[in-house]
Amino acid sequence: MNPFELPPNSASADWLMFAAILLAVGLGIAGFVIWFFVLRKTAKKRRKHRRNRHHRKVNPTLAETGGLPPLRDPDQPPRGA
């Protein structure tokens, strides 16, 4: 007779199987919780973050440039014509 073999119909075999499955599930959940709260945060800290550089805008708004230009004299033609 094998020393690890229990009689199939005994109540102790049912409780032993229940305890083994409960222990396996508990260890799996504990491992996931430790990974989620401890190890995952250290992996995030290793990432490089780029700085937010402030570049000049290609097409600034009128408010950024100082507003509208002065009114043009209606008798004088535009400069480019």
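See above for the structure.
Quantities reported herein were computed from a predicted structural model and do not represent experimental measurements.

The next subject is the packing of aromatic side chains. If you walk through the whole model with that rule in mind, you get 5 aromatic pairs. Relative to F36, the ring of F32 lies with its centre 5.9 Å away and its plane at 25 degrees, an arrangement referred to as stacked. Highlighted residues: F32 and F36, both in helix α1 (residues 11–45), separated by 4 residues, approximately one helical turn. Between W35 and F36, the ring centres sit 6.3 Å apart and the planes meet at 55 degrees, which makes this aromatic pair tilted. Classification of F36 as partly exposed rests on a relative accessible area of 30%. Here the aromatic residues F32, W35, F36 and F37 are joined through ring pairs into a cluster of three or more.

Residues I21, V25, I29, F32, V33, I34, W35, F36, F37, V38 and L39 make up a contiguous nonpolar surface patch of about 1100 Å² in total accessible area. The exposure class assigned to V38 is partly exposed, which follows from its relative accessible area of 48%.

Definitions and cut-offs
- Every residue gets a number counted from 1 within its own chain, in the order that chain's sequence is written.
- Local features in this predicted model are restricted to residues whose pLDDT is 70 or higher, and side-chain atom pairs enter the listing and the counts only when it is 80 or higher, whereas totals over whole chains, interfaces and linings include all residues.
- To obtain the side-chain values, all non-hydrogen atoms of the structure were included, while hydrogens and water were left out.
- Stacked, tilted and edge-to-face are the three classes assigned to paired rings of Phe, Tyr and Trp, where Trp is represented by its six-membered ring and a pair needs centres within 6.5 Å; plane angles under 30 degrees give stacked, over 60 edge-to-face, the rest tilted.
- Think of it this way: any DSSP run of H or I at least four residues long counts as a helix, any run of E at least two long counts as a strand, and we number them from the N terminus.
- Partly exposed residues are those whose accessible area sits between 20% and 50% of the maximum for their type, while under 20% is buried and over 50% is exposed, using a 1.4 Å probe and protein chains only.
- Like charges are joined within 9 Å and nonpolar side chains (Val, Leu, Ile, Met, Phe, Trp, Tyr) within 5 Å, but only among residues with over 30% relative accessible area and no salt bridge; these make up the patches.
- Here the Shrake-Rupley method, with its probe set to 1.4 Å, supplies the accessible areas, and only the displayed protein chains count as covering residues.
- We define a salt bridge as a contact between a side-chain nitrogen of Lys or Arg and a carboxyl oxygen of Asp or Glu at a distance within 4 Å.

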